[in-house]
Amino acid sequence: MKIRRVGVVGLGTMGAGIAQVALQAGNEVVGREVSEDLGNGARSKIDHFLTRAVEKGRMSAEDKEAALGRLSTTTELEALADSDLVVEAIVEELEPKRELFAELERICRPDAVLATNTSALSVSKIAEAVEHPDRVIGMHFFNPAPLLPLVEIVRAQQSSDGAVDAAYEWAEQAGKQPVRCNDTPGFIVNRVLIPLLNDCVRVLDEANVTPGDLDRAMTNGAGWPMGPCELVDLVGIDIHNHASEALHAALGEERMAPPERLLRMQAEGKLGRKTGEGFFTY
Ligand SMILES: NC(=O)c1ccc[n+]([C@@H]2O[C@H](COP(=O)([O-])OP(=O)(O)OC[C@H]3O[C@@H](n4cnc5c(N)ncnc54)[C@H](O)[C@@H]3O)[C@@H](O)[C@H]2O)c1
């Protein structure tokens, strides 16, 4: 199935970015938020990023206006009835997601693909909430979605080839780098990166290294494009800890659990770039 109309549920950090990706790919987009204000806020944010793209010469002013013209925001889930693909990006909790998918199944066409952007929940458990779970998949975008190319296309136990392929083709056509994987904890990148970043943070105390020196070690000695402390600050200490706890709960390995140091930083409100302080000051 060719995807032309995209619904996005939840227009927060990820949903607004995913809506922007779809608009830039030429899709009609309906975004659903819980209030009109939040919908308008997401529109302004997308407008701001597209304006910057125009200023940098990466997009024409006409294309920007056309893209914004393809976006509508709503508080009514029924407005997504005509979507070919719906991407869910609401809170990272199983029950609200399951309830939403059950409602989406009632509202959307039977051939619409229903995707969750969950980072750490089981896509198969979300799919269990609907009667025809073969249409449910994961589409795991990375933050910021308009800038980071990777999309993990996650096959739940119940997902059909058709749903996986349609999402893969859409992501490719939207200029992304889709990669297929099974529904296992952390999928690909987080499964590898989260314990690795936890090890990096533990080394700070074990080897008595400063965050600046650790970052210099990993960029100069291992060829990392960005140091681990800078990366955790960018992701957000709270987001990292949450994903880390989920991975620890699912896989039980000690190195998956957030290090004491990160838990302390979170308790002190040092969440990285977004609060102006993390390993570094911004
Ligand atoms: N932030 C990240 O780095 C990141 C990366 C990949 C995946 N994710 C996943 O994406 C999802 C969203 O994360 P986020 O960081 O964008 O969260 P966020 O808090 O920024 O946004 C969530 C939005 O969903 C809205 N919402 C809640 N319930 C809703 C409903 N029933 N209908 C419509 N809107 C609803 C909220 O008002 C909020 O604006 C989570 O599952 C998260 O795990 C996040």
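I will try to describe carefully the structure that is included in this document.

Cut-offs used in this document
- Residues numbered from 1 in each chain as written.
- Predicted model: local features only at pLDDT ≥ 70, side-chain atom pairs only at ≥ 80, totals over all residues.
- Heavy atoms only, no water.
- Core = buried A, V, L, I, M, F, W, Y, C linked by side-chain atoms within 4.5 Å.
- Buried < 20%, exposed > 50% of the residue type's maximum accessible area, 1.4 Å probe, protein only.
- Contact = heavy atoms within 4.5 Å.
- Phe/Tyr/Trp six-rings, centres within 6.5 Å; stacked < 30°, edge-to-face > 60°.
- Lys NZ or Arg CZ within 6 Å of the ring centre and 35° of its normal.
- Pairing = 2+ DSSP bridges.
- Helix = DSSP H or I, 4+ residues; strand = E, 2+ residues; numbered from the N terminus.
- Axes fitted to C-alpha atoms, helices over the stretch in contact; angles between N-to-C directions.
- Parallel < 35°, antiparallel > 145°, perpendicular 65-115°, else oblique.
- Left-handed = near helix turned anticlockwise from the far one by under 90°.

Counting residues in hydrophobic clusters, the biggest one holds 39 residues, and the most contacted among them are Leu-85, Ile-137, Met-139, Phe-141, Ile-153 and Trp-170. In this structure, Trp-170 is in contact with Ile-3, Val-6, Val-21, Ala-22, Asn-27, Leu-85, Met-139 and Phe-141, ignoring residues within four places of it in sequence. Core analysis: the second largest hydrophobic core is formed by 21 residues, Leu-80, Phe-101, Ala-112 and Val-154 among them.

A few words on the packing of aromatic side chains. Per the stated rule, a full pass over the model turns up zero aromatic pairs. Above the ring of Tyr-168, the side-chain terminus of Arg-180 is found at 4.0 Å from the ring centroid.

The strand order S3-S2-S1-S4-S5-S6-S7-S8 describes an open sheet built from eight strands, whose pairing is mixed. Two strands close off the open sheet at either side, each with one partner strand: strand S3 (71-74) and strand S8 (177-182). Neighbouring strand axes in the sheet, compared pairwise and without regard to direction, differ in orientation by 25 degrees on average. Pairing geometry for strand S2 (residues 28-32) and S3, over four bridges, is parallel. Considered in S3, the bridge of Val-29 is made with Leu-71.

Turning to the packing of helix H7 (residues 189-206) against helix H9 (residues 228-235), a few remarks are in order. Where H7 meets H9, the axes come as close as 10 Å, and the angle between the chain directions of the two elements is 120 degrees. Classed by the angle they form, the pair H7 and H9 counts as oblique. For H7 against H9, the interelement crossing comes out left-handed. Here H7 contributes Leu-193, Leu-197, Cys-200 and Leu-204 to the contact with H9, which in turn contributes Pro-228, Cys-229, Leu-231 and Val-232.

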